[in-house]
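Listed below are the residues making up each chain.
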Amino acid sequence: MKECVKMSYFVSVENLPLADLNQLLERASYFKNNGRSPKFNQPIYAANLFFENSTRTHCSFEMAERKLGLTVIPFDPAASSVKKGESLYDTLLSLNSIGVQLAVIRHPENNYYQSLIDLNANQQLDLGIINAGDGSGQHPSQSLLDMLTIKEQFGHFAGLKIAIIGDLTNSRVARSNMQLLQRLGAQIYFSGPKYWYDAAEFGQYGNYLPLDQLVDQMDVVMLLRVQHERHQSETDFDASTYHQMYGLTKERYQQMKDNAIIMHPGPINRGVELDSDLVEAPKSRFAEQMRNGVFIRMAMLEAVINGRKLGGI
Ligand code: CP
C-alpha cells in the first residue's frame, strides 16, 4: 500500500504538518480518481456519534467508511442511553468495550475531545477519535475538503486572496480554514457584520473590509452560514437586510474575477448568505465541496487506521 499519513486521532488542523496535509490531499485526489481503497486483513469497526444535527459531514463520513470497507455500528444519540444521562466518556467506553475502534464525533462543546485523548493516553480508552466538528472550535474534515476544492481550482494556495464572510464568531469552519490558509501562504480577508468580527482573534489572520471593497479582488469568496441556533437573541435579524449588506447578491457576483470561486460549507440559507440562483452558478463550488468531502474523509480515516495499525495491516 502507498505510504500515507499516520495519526492516532484527527481532531484539529491547528498543528497539522503541511507535509501531512499535502499527502492527505493527494490521497483524497487518488480516491476521487477511482484509486483503489486499501485492502484490510481484519474488520475495522467505526461508529458515528453526532450530538448536533448534520447532513453532509455525517453522511459523507458514513459513505467514506463504507467505501473503505469499514463496518459501521449505528449510533443515534436520541435513541441511546445518553438520553438516560450517560456521559460521553461512558458512551465511548461502552462502544470501545463492545469493539468499536474508530469514533467520528460531532459535539456542541468546544474542545470536547481533549479529555478523551488524555484518557486514551492513560489507556482507559483505545479509540481513534475523529472530530466531525466541536462547537465553534474546529471542523477539520470541512477544512480539508475546502483545501482540496481550492487546490483543484488554482493548483496552489500561496498568494491567493480569500475572503471569509459572515458569522465568524460562531464558525468552526472559519477557525480551521484561517489557521490552515495562513500557514499555506494565502492572503485572508474577513467581512460581514462587524459584531461577528473579533479583531483580537481574527486580526492576526487577516483584515476586515466591507464586502464591496473586496468582492472584485478575491480568488475565493467563502460564505459562512448564519448560525441562528447559536445566537443568544436576534430579535432584529432581517434576512433581506443581511443579504443586501453582507450577502453575495447577483450584482456582487458580476463583479467577481473571471476564475474566482464561491464556497459555502452548507447548509445554505438561500437568499441570505447568497442569492438562491447563485448556489449552482458557474463560479459556485458548493456541490464540488460536498463531493470532495467523501474522498478527504476516506483519507482522514485511513490516516487514523494506519496510525493505530488497525485492519491487520
Ligand atoms: N458543512 C457541514 O458541517 O454541514 P453539516 O452540518 O450538514 O454536516
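None of the values given here were measured: they were computed from a predicted structure.

J.: Where do I start with the pairing of strand S8 (residues 220-223) in this structure?
T.: Along any regular strand the residues' side chains alternate between the sheet's two faces. Side-chain alternation along S8 places Val-220 and Met-222 on one buried face and Val-221 and Leu-223 on a second face that is also buried. Looking at chain direction, strand S5 (residues 161-165) and S8 are connected through four bridges and run parallel. Each residue of the ladder has a partner; that of Ile-164, found in S8, is Met-222. The pairing of S8 with strand S9 (residues 261-263) spans three bridges and is parallel.

J.: When you look at the environment of Leu-274 in this model, what are you seeing that I'm missing?
T.: In this fold, Leu-274 is placed in the loop between S9 and helix H10 (286-307). The exposure class assigned to Leu-274 is buried, which follows from its relative accessible area of 2%. Remark: the alpha-carbon pair of Leu-274 and Arg-225, spanning 49 residues in sequence, is separated by 9.7 Å. Not counting chain neighbours up to four residues away, the residues in contact with Leu-274 comprise Leu-223, His-243, Leu-248, Ile-262, His-264, Ile-268, Asn-269 and Val-279.

J.: What is the right way to look at the sheet that holds strand S4 (residues 128-134) in this model?
T.: Adjacent strands of a sheet form backbone hydrogen bonds with each other and so pair up, either parallel or antiparallel. Pairing in this open sheet of four strands is parallel, and the strands run S2-S1-S3-S4 from one edge to the other. Here the strands that pair on one side only, and so sit at the sheet edges, are strand S2 (71-73) and S4. Adjacent strand axes in the sheet meet at a mean angle of 20°, parallel and antiparallel pairs treated alike. For strand S1 (residues 45-50) and strand S3 (residues 102-107), the ladder comprises five bridges, and the chain directions are parallel. Paired with Ala-46 across the two strands is Leu-102, which belongs to S3.

J.: What should I look at first to understand the packing of aromatic side chains in this one?
T.: Aromatic rings considered in pairs are described by the distance between their centres and by the relative angle of their planes. For the structure on display, the rule yields eleven aromatic pairs. Plain terms: the ring middles of Tyr-242 and Tyr-246 are 5.3 Å apart, the flat faces sit at 55° to each other, and that makes the pair tilted. Of the two residues, Tyr-242 and Tyr-246 both sit in helix H8 (residues 239-246), four residues apart, roughly one turn of that helix. Note on accessibility: Tyr-242 and Tyr-246 belong to one class, buried. An aromatic cluster is present here, built from Tyr-195, Trp-196, Phe-237, Tyr-242 and Tyr-246 joined pairwise through their rings. Directly above the aromatic system of Tyr-253 lies the positively charged group of Lys-283, at a separation of 6.0 Å from the ring centroid.

J.: Looking at this structure, I do not really get helix H5 (residues 140-154). What am I missing?
T.: What sets the pattern is the α-helix's 3.6 residues per turn: residues three or four places apart point alike. End to end, H5 covers 21 Å across 15 residues, agreeing with the expected 21 Å (1.5 Å per residue, within 8%). Burial analysis of H5 places twelve of its 15 residues in the buried class, the great majority of the element. Inspection of H5 places Pro-140, Ser-141, Gln-142, Ser-143, Leu-144, Leu-145, Asp-146, Met-147, Leu-148, Thr-149, Ile-150 and Phe-154 among the buried residues, and these make up the whole buried set. Gly-155 sits one or two residues past H5 and shows a positive phi near 80°.

J.: I'm lost on the sheet that holds S8 in this one. Help?
T.: With respect to topology, five strands assemble into an open sheet ordered S7-S6-S5-S8-S9, the strand pairing being parallel. Looking at strand neighbours, the two that pair on one side only are strand S7 (206-208) and S9, the edges of this open sheet. The sheet shows a mean angle of 20° between the axes of neighbouring strands, direction not considered. With three bridges connecting them, strand S6 (residues 187-191) and S7 associate as parallel partners. Bridged to Ile-188 within S7 is Gly-206. Strands in contact with helix H6 (residues 172-183) are S5, S6 and S8; relative to S6, the strand with the most contacts, it is inclined by about 155°.

J.: What's the story with the pairing of S1 in this structure? I'm lost.
T.: In terms of burial, S1 is a largely internal element, five of the six residues being buried. By the bridge criterion, three bridges tie S1 to S2 in an arrangement that is parallel. Bridge pairing links Ala-47 to Ile-73 in S2. Assessed by its sense of winding, the connection that carries the chain from S1 through helix H2 (residues 56-67) to S2 is right-handed.

J.: How do you make sense of the site of the ligand when you look at a structure like this?
T.: Around the ligand sit Asn-53, Ser-54, Thr-55, Arg-56, Thr-57, Arg-106, His-139, Gln-142, Pro-265 and Gly-266, and that is every residue in its neighbourhood. In the environment of the ligand, an oxygen atom lies 3.0 Å from a nitrogen or oxygen atom belonging to the side chain of Arg-56. Separating a nitrogen atom of the ligand from a side-chain N or O atom of Gln-142 is a distance of 3.0 Å. In isolation the ligand offers 250 Å² of accessible surface; the protein chains occlude 92% of this area. Classifying every residue of the shell around the ligand gives one nonpolar, seven polar and two charged.

Procedures and definitions
- Residues numbered from 1 in each chain as written.
- Predicted model: local features only at pLDDT ≥ 70, side-chain atom pairs only at ≥ 80, totals over all residues.
- Heavy atoms only, no water.
- Buried < 20%, exposed > 50% of the residue type's maximum accessible area, 1.4 Å probe, protein only.
- Helix = DSSP H or I, 4+ residues; strand = E, 2+ residues; numbered from the N terminus.
- Pairing = 2+ DSSP bridges.
- Contact = heavy atoms within 4.5 Å.
- Axes fitted to C-alpha atoms, helices over the stretch in contact; angles between N-to-C directions.
- Phe/Tyr/Trp six-rings, centres within 6.5 Å; stacked < 30°, edge-to-face > 60°.
- Lys NZ or Arg CZ within 6 Å of the ring centre and 35° of its normal.
- Expected span 1.5 Å × (residues − 1).
- Right-handed = clockwise from strand over helix to strand, strands pointing away.
- Near = heavy atom within 4 Å.
- Polar contact = N/O pair within 3.5 Å; in protein donor to acceptor, adjacent residues only side chain to side chain.
- Areas by Shrake-Rupley, 256 points an atom, 1.4 Å probe, with all protein chains shown as cover.
- Nonpolar A, V, L, I, M, F, W, Y, C, P; charged D, E, K, R; others polar.

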